[in-house]
Amino acid sequence: MIRHLISAADLSRDDAVRILDTAEELAQVADRPIRKLPTLRGRTVVNLFYEDSTRTRISFEAAAKRLSADVINFSAKGSSVAKGESLKDTALTLEAMGADAVVIRHGASGAPYRLASWVRGSVVNAGDGTHEHPTQALLDAFTMRRRLGRLEGLRVTIVGDVLHSRVARSNVLLLDTLGAEVTLVAPPTLLPLAVGSWPCEVSYDLDGELPKSDVVMMLRVQAERMNAAYFPTVREYSRRYGLDASRMALLPDQAIVMHPGPMNRGVEIAAEVADSVRSTIVEQVANGVSIRMAVLYLLLGGAESGTERAEAAR
Amino acid sequence: MIPDGSQATRTWLIRGAQPLGGPALDLLVRDGVITEAGAGLQAADARLLDASGLIALPGLVDLHTHLREPGREDAETVQTGTAAAALGGFTAVHAMANTDPVADTAGVAEQIWRLGRRAGYCDVRPVGAVTAGLGGSRLAELGAMADSAARVRVYSDDGKCVSDAVLMRRALEYVKAFDGVIAQHAQEPRLTDGAQVNEGEASGRLGLSGWPAVAEEAIIARDCLLAAHVGSALHVCHVSTAGSVEIIRWAKSKGWRVTAEVTPHHLLLTDDLVSDYDPIYKVNPPLRTAVDVSALRDGLADGTIDCVATDHAPHPLEDKETEWQVAAFGMTGLETALRVVHEAMVETGRLDWAGVADRMSVRPAAIGRLDGIGAPLHGSALAAGSPANLVLYDPAARDVVDPAQHASRSRNSPFAGMELPGRVQATFLRGVPVVLDGKLAR
């Protein structure tokens, strides 16, 4: 198993399948009266969050606690610079505290790579800028596999602000590794210039893609994109790229609708779609805990604990 | 001028050097001038320097150096920056205007010029700001700087683009009165708002804001047309894209007074180095693609790009040991420039040593108006009668770049850990050795 999980590209097909299978086993724990495993007892997991993201932080915290790890939440609002302490100094502090794993959410793309160069523990990327969010992609793949029984050959359409989406980047890489066929749909302004080099198809026509989709994943549209002239108005965006009930009717019968949250109801997704039986949005949240348990378990499973490491160093 | 050599001998016999990589000759240096060049020279009073196997080049001239003083003496001073320059084989550097205070008045320009004279490792020619405070809204007192003791001829808002077309036109027109040149940092600001890396495969994959080639090319095209319209001299700083080379080639084919520079790092490094987000590779303009690197090398070889300029941009460690987005733009380059050009241009057969001398000494000296009065001070042919500004370079040496060994106060070399050919063995400034045996001689 790899030491850090920073990009979905870090995962081989075997690694990815192993995480999904492990998550499946660990999901059973959630159904037991006592939802706790002793696996990571004595290990320390630090949640280092430079951006507000209650849902992701809680998900990682629940995952670590169900594995009996000690959890330290280190919330640093704003950038490290605004806070006055550099990321490097924070990293050295965590290192001195013996963190076995650091889960980092940061507004700057690539911050987890910098962190990994300064700490000895495992680094898990919980979303970095507009780069990646690999555990989100894993929980999405897990959700698809649970609902549709397979990933190989699955046709997945990802719709929205691909340019700024860490969820889209991680999903394209992971789904390609797992044999699914991804199509990105977005206004041309919200696609990276060199998207042609990505392992996926690209379309500007949502209605044309929906009838061939097993999965449609809607991405959140950030309000600030409108000011930068990526599209004329929210209403026009919603008309051309939003998923409403009539568009949903174009999907094949078994197809599911996903959203990484938080949603803008009425913008990229209509309320009746979000709340429909096709929607997996609530399941995605529940599956997130299982996936993050699996990631922490597999990254830390073979490693010695911080205290043991300190003993050994003496 | 500065190193008057009163403590040292004023006569050197450099034995067996190969001027411009040609046949080995002896060079007799007396009172700051190469008095004789030939085989088997003798001079009883001369100190002997065995230069067998070494190439002799005219002292290098850098059109684009950030010496950081005044204002950021934690990153570099005129003293440390010029020491780095001498160790890199430079006998003249042009100090960029983006200091604090900005070099936008005769007073600041003269201060920097005097600091250079005091340091004495190489000539320091201040570059004047085009606009007051680099603010981009009104012209700085260009004429006062030209008339000052610093004799400013090159003007640049480097770090920022003179993006206002009217202001750029006026600046180009105005400096005609004293044979000045406007050195433009070509970067359309709206197209590069928040930009981090070259817009392309890497920027998309890495989730970093793209810096499109067109942001550079559009300004270069506009400025070439403006320079032609008013009949003035434009110099394009740090050209980084294949498209820019094409535009400059076209402008030159029209006979317009356009010159251009390329940095050593843009001749060797590409944007795929950004993949681990190490800000040591963060620079403005950004590292581009292998296609661009190849076009830049071709452009320098065929003379479309006139010269190599370092854009030596020192930064303290804490400004680089950060997340990519908050890190400072820039790389050091003085101490590695000649070696990188050796690797990128000579080893690839694109330039011979005469070509290197032309692109790193003769042409930048001409663009910087260094040889306006009498004999050329820099960029000479190393013949008898030339001023003894010269560098002795060992082309057979090869080692790994270690910024900890650099004289620059900063360590942000993107070539750290890279094996490069060559070694600057000695640098003479007006007949006085400022570098001997690869070390500072004073």
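Residues numbered from 1 in each chain as written. Chains lettered and ligands numbered in written order. Predicted model: local features only at pLDDT ≥ 70, side-chain atom pairs only at ≥ 80, totals over all residues.

(A) Region of interest: the overall build of chain A. A tally of helices and strands in chain A yields 14 helices and 9 strands. Compactness check: chain A gives a C-alpha radius of gyration of 20 Å against a globular reference of 20 Å for 314 residues, within 12% of the reference. Within chain A, the proportion of its 314 residues that are buried is 50%. The long-range fraction of contacts in chain A, counting pairs at least 24 apart against all pairs at least 6 apart in sequence, stands at 74%. (Helix = DSSP H or I, 4+ residues; strand = E, 2+ residues; numbered from the N terminus. Rg over C-alpha atoms; globule rule 2.2 N^0.38 Å. Buried ≥ 20, exposed ≤ 12 C-beta atoms within 10 Å, placed from the backbone. Contact = placed C-beta atoms within 7 Å.)

(B) The overall build of chain B, seen in detail. Per the secondary structure count, chain B includes 11 helices and 19 strands. By the compact-globule yardstick of 22 Å for 442 residues, chain B fits well, its C-alpha radius of gyration being 21 Å. Counting only C-alpha atoms and orienting by the principal axes, one finds that chain B spans roughly 65 × 45 × 45 Å. Expressed as a percentage of the 442 residues in chain B, the buried residues total 60%. When contacts within chain B are restricted to residue pairs at least 6 apart in sequence, those whose partners lie at least 24 apart make up 73%.

(C) Main features of the interface of chain B and chain A. At the interface, 17 residues of chain B touch 22 residues of chain A. Looking at the side of chain B that touches chain A, the element that brings in the most residues is helix H5 (residues 201-206) of chain B, giving 3 residues. Looking at side-chain class alone, the side of chain B that touches chain A contains 5 nonpolar, 6 polar and 6 charged residues. (Nonpolar A, V, L, I, M, F, W, Y, C, P; charged D, E, K, R; others polar.)

(D) Just the sheet that holds strand E6 (residues 60-65) of chain B, in detail. Residues and elements named next belong to chain B. Overall, parallel pairing links the 3 strands, which are arranged E6-E7-E8 in an open sheet. Two strands lie at the open edges of the sheet, namely E6 and strand E8 (123-126), each paired on one side alone. Pairwise comparison of adjacent strand axes, ignoring direction, gives a mean angle of 20 degrees for this sheet. As paired elements, strand E7 (residues 90-95) and E8 share 4 bridges and run parallel to each other. Considered in E8, the bridge of Ala 92 is made with Asp 123. With respect to the sheet, helix H2 (residues 106-119) is in contact with E7 and E8, its orientation differing from that of E8 by roughly 170 degrees. (Pairing = 2+ DSSP bridges. Axes fitted to C-alpha atoms, helices over the stretch in contact; angles between N-to-C directions.)

(E) Quick look at the nonpolar core. Residues and elements named next belong to chain A. With 239 residues, the main nonpolar core has Val 102 and Leu 296 as its most contacted residues. At 10 residues, helix H13 (residues 281-301) tops the list of elements feeding residues into this core. Once residues lying within four places of it in the same chain are set aside, the contact partners of Val 102 are Val 46, Leu 48, Leu 94, Leu 115, Val 119, Gly 121 and Val 123. (Core = buried A, V, L, I, M, F, W, Y, C linked by C-beta atoms within 7 Å.)

(F) How the structure looks around the domain arrangement of chain B. All names here are of chain B. The assigned domain composition of chain B is domain 1 (11-56 + 383-440) and domain 2 (59-367). Tallying the contact residues gives 28 residues for domain 1 and 41 residues for domain 2. The dominant element in the side of domain 1 that touches domain 2, judged by the number of residues it contributes, is strand E17 (residues 419-429), at 6 residues. Tallied by class, the residues present in the side of domain 1 that touches domain 2 amount to 17 nonpolar, 9 polar and 2 charged. (Domains from an automatic or database assignment.)

(G) The domain arrangement of chain A, seen in detail. Residues and elements named next belong to chain A. The domains assigned to chain A are domain 1 (8-133 + 285-308) and domain 2 (134-281). Here domain 1 and domain 2 have C-alpha centroids that lie 26 Å from each other. Taken together, the contacts link 22 residues of domain 1 with 20 residues of domain 2. The residue makeup of the side of domain 1 that touches domain 2, split by class, is 10 nonpolar, 7 polar and 5 charged.

(H) Spotlight on the environment of Gln 111 of chain B. All names here are of chain B. By the element assignment, Gln 111 lies in helix H2. With 19 C-beta atoms counted inside 10 Å, the residue Gln 111 sits in the partly exposed group. Considering only alpha carbons, one finds Gln 111 and Gly 32, 79 residues apart in sequence, at a separation of 26 Å.

(I) Up close: helix H7 (residues 242-253) of chain B. Residues and elements named next belong to chain B. For H7, spanning 12 residues, the distance from its first C-alpha to its last is 17 Å, which sits close to the expected 16 Å at 1.5 Å a residue. Those residues of H7 lying buried are Ser 244, Val 245, Ile 247, Ile 248 and Ala 251. Seen end-on, H7 carries its buried residues on one side only, within an arc spanning 165 degrees. Among the structural elements, helix H6 (213-230), strand E13 (234-236), strand E14 (258-262) and helix H9 (290-302) are those in contact with the buried residues of H7. Downstream of H7 by one or two residues, Gly 255 has phi in the positive range, about 85 degrees. (Expected span 1.5 Å × (residues − 1). Arc of directions from axis to C-beta.)

(J) The pairing of strand E18 (residues 432-436) of chain B, seen in detail. All names here are of chain B. Of all the 5 residues making up E18, 4 are buried; the element is thus mostly covered by neighbouring parts of the structure. Inspection of the sheet shows E17 paired to E18 by 3 bridges, in the antiparallel sense. By the bridge assignment for E18, Leu 429 is matched with Val 432. The turn linking E17 back onto E18 is made up of 2 residues, and Arg 430 within it adopts a positive phi angle of 50 degrees. As judged from the 2 bridges shared by E18 and strand E19 (residues 439-440), these two strands associate in the antiparallel manner. Paired with Val 435 across the two strands is Leu 440, which belongs to E19. Connecting E18 to the next strand, E19, in antiparallel fashion are 2 residues, including Asp 437 with a positive phi near 55 degrees.

(K) Summary view of the packing of helix H1 (residues 13-27) of chain A against helix H6 (residues 134-148) of chain A. Residue and element names in this part refer to chain A. Between H1 and H6, the shortest axis-to-axis distance is 10 Å and the interhelical angle comes to 65 degrees. When the axes of H1 and H6 are compared, the pair comes out roughly perpendicular. In the crossing of H1 with H6, the sense of the turn from one axis to the other is right-handed. Between H1 and H6, the residues in contact are Ile 19, Leu 20 and Ala 23 and Leu 138, Ala 141, Phe 142 and Arg 145, respectively. Across the contact of H1 with H6, the residue classes break down as 6 nonpolar, no polar and 1 charged. (Parallel < 35°, antiparallel > 145°, perpendicular 65-115°, else oblique. Left-handed = near helix turned anticlockwise from the far one by under 90°.)

(L) Region of the structure containing the environment of Gly 21 of chain B. Residue and element names in this part refer to chain B. Assignment of secondary structure puts Gly 21 in the loop between strand E1 (11-19) and strand E2 (25-30). When the C-alpha positions of Gly 21 and Ala 228 are compared, they lie 37 Å apart, and in sequence the two are 207 residues distant. Beyond its immediate stretch of four places on either side in the chain, Gly 21 contacts Ile 55, Asp 352, Trp 353 and Ala 354.

(M) Region of interest: the sheet that holds E13 of chain B. Residue and element names in this part refer to chain B. Across the sheet, which stays open at both edges, the 5 strands sit in the order E9-E10-E13-E14-E15 with parallel pairing between neighbours. The sheet is open, and its two edges are formed by strand E9 (154-155) and strand E15 (307-308), each paired on a single side. By the bridge criterion, 3 bridges tie E13 to E14 in an arrangement that is parallel. Following the sheet pairing, His 235 is matched in E14 by Thr 259.

(N) Main features of the confidence of the model for chain A. For chain A, mean pLDDT is 92; residues scoring 70 or higher make up 94% of the total. Note on residues 303-314 of chain A: pLDDT under 50 across the span, and 12 contacts to partners over four residues away in sequence or across chains. (pLDDT = per-residue confidence, 0-100.)

(O) Focus on unusual backbone geometry. For the peptide bond that leads from Gly 261 of chain A to Pro 262 of chain A, omega is -10 degrees, which places it in the cis range. With respect to the helices and strands, the residue Pro 262 of chain A is situated in the loop between strand E9 (256-258) and helix H12 (271-274). Glu 69 of chain B connects to Pro 70 of chain B through a cis peptide bond whose omega is 5 degrees. Relative to the assigned elements, Pro 70 of chain B resides in the loop between E6 and helix H1 (78-87). Here the phi dihedral of Leu 20 of chain B falls at roughly 55 degrees; this positive angle occurs in a residue that is not glycine. One non-glycine residue, Asp 31 of chain B, lies in the positive phi region at around 50 degrees. Among the secondary structure elements, Asp 31 of chain B is positioned in the loop between E2 and strand E3 (33-38). The class for Asp 31 of chain B is exposed, based on 11 C-beta atoms found within 10 Å.

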